[in-house]
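Working through the structure, step by step
Chain residues, written in single-letter form:
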Amino acid sequence: EILVVPESFSVVAEATYASIPVQSNKTWKVRCHDEWIKSFTAEGEGEGRIELTFDAYSSVEEARTATLQIIGETVNYNITFVQNKVATTIAEVVAMLTSTDKNNKSAYSVDLTGGDAVVSYVSGDNAFIEDKTGAILLYKKDHGLTAGKKVSGKISGSGYIYNGLPEITSFDGAELSDGGTIPCLEITLPDLIKDYKSYLSRRVLIKGVTVTDAIDGDDRDGKIEADGKNVAVRAQSSKLSMPAGVCDIICFPSIYNKTYQVSL
């Protein structure tokens, strides 16, 4: 028997409906005992979808979850269904991105009204959005963002963890205005290595590093070290250089193919 369902599925706080795919070559049934789910598809055959209805959610404290049991003729699976809370910071958006499947992305909604979020850097389809709590990478063609723009409003979208790096691929409802202050958090290289994930996608200044592998022209990969710690460096453009020697470096901690590296 073939029975394929996602391990988890998420929706935003404002949602009142969800549709979860099921792939099978047999009949299947659904069980759910969580009271906040108002209705759900009870059974199906072959390829189909589980349709659910529920009320919108207004909590800014925590997500709510339900368990859907999918019962086949010989195999059973559980789906964790999540309705995320309304986030109020970038760090909370990052925490909502739990999926590693680009075909089943995590959903988020965030209210940045009155906050300090700003576009800190833009390189082609990549835009970094940061506030005092953290940062997130937006990867989207024609995103229209420019560095220094303030970001506010009630925003929703989806994203996932791509090769270890949290990123969002949609950013709907954002209100942009001029006058944002681009942040630059000063840290040491040992600080970065010790707590790397807390600095992901943030604009940081690392002082007094030694460039052990220089970057020049077409050679866009390098390396820095300090106090016995080292990390790879990747230039986003062939126009950027990083000569050998001791220097201060402004960069964005990232992950490439599950390996730590900072981006110039």
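Residues numbered from 1 in each chain as written. Predicted model: local features only at pLDDT ≥ 70, side-chain atom pairs only at ≥ 80, totals over all residues. Heavy atoms only, no water.

On to the sheet that holds strand E2 (residues 8-11), then. Pairing is mixed across the open sheet formed by 5 strands, whose spatial order is E2-E9-E8-E4-E6. Unpaired on one side and paired on the other, E2 and strand E6 (43-45) mark the two borders of the sheet. Within the sheet, the average angular offset between the axes of one strand and its neighbour, ignoring direction, is 25°. Here strand E4 (residues 27-31) runs beside E6; their pairing, made up of 3 bridges, is antiparallel. In the strand pairing of E6, Lys29 is matched with Glu43. (Pairing = 2+ DSSP bridges. Helix = DSSP H or I, 4+ residues; strand = E, 2+ residues; numbered from the N terminus. Axes fitted to C-alpha atoms, helices over the stretch in contact; angles between N-to-C directions.)

Pairing of E2 with strand E9 (residues 76-83), which is carried by 4 bridges, proceeds in the parallel orientation. Each bridged residue has a counterpart across the sheet, and for Val11 the counterpart in E9 is Gln83. The pairing of strand E8 (residues 64-71) with E9 spans 8 bridges and is antiparallel. Within E9, the residue paired with Arg64 across the bridge is Gln83.

Counting residues in each nonpolar core, the largest one holds 26 residues, and the members touching the most others are Leu192, Ile206, Ile224, Val233, Met242, Ile249 and Leu264. Within the residue set of this core, elements represented by two or more residues are helix H2 (189-194), strand E19 (204-213), strand E20 (221-226), strand E21 (229-234) and strand E22 (245-256). Those residues in contact with Ile206 that lie beyond four places of it in its chain are Ile187, Thr188, Leu189, Leu192, Cys247, Asp248, Ile249 and Cys251. In terms of nonpolar packing, the next biggest core, distinct from the first, is built from 23 residues, Val5, Ala18, Trp28 and Val30 among them. (Core = buried A, V, L, I, M, F, W, Y, C linked by side-chain atoms within 4.5 Å. Buried < 20%, exposed > 50% of the residue type's maximum accessible area, 1.4 Å probe, protein only. Contact = heavy atoms within 4.5 Å.)

The topology assignment puts Ser106 in strand E10 (residues 106-111). Take Ser106: its relative accessible area is 3%, and that puts it in the buried class. One polar contact links the side chain of Ser106 to the main-chain amide nitrogen of Thr98, over a distance of 3.1 Å. Beyond its immediate sequence surroundings of up to four residues, Ser106 is in contact with Ser10, Met96, Leu97, Thr98, Ser99, Gly157, Ser158 and Gly159. (Polar contact = N/O pair within 3.5 Å; in protein donor to acceptor, adjacent residues only side chain to side chain.)

Let's shift gears to the packing of aromatic side chains. For the coordinates displayed, the defined rule picks out 9 aromatic pairs. Between Trp36 and Phe81 the ring centres are 5.8 Å apart and the planes differ by 20°, which places this aromatic pair in the stacked class. Here Trp36, found in the loop between E4 and strand E5 (37-40), pairs with Phe81, found in strand E9; they are 45 residues apart in sequence, far enough to count as distant. With centroids separated by 6.2 Å and ring planes inclined at 65°, the aromatic side chains of Tyr160 and Tyr162 adopt a geometry described as edge-to-face. When its relative accessible area of 9% is taken as the criterion, Tyr160 is described as buried. A residue is classified by how much of its surface remains accessible, and Tyr162, at 43% relative accessible area, is partly exposed. Connected via pairs of aromatic rings, a cluster forms that spans Phe9, Trp36, Phe54 and Phe81. (Phe/Tyr/Trp six-rings, centres within 6.5 Å; stacked < 30°, edge-to-face > 60°.)

Interpretation note: all reported values are geometric properties and have no functional meaning in isolation.
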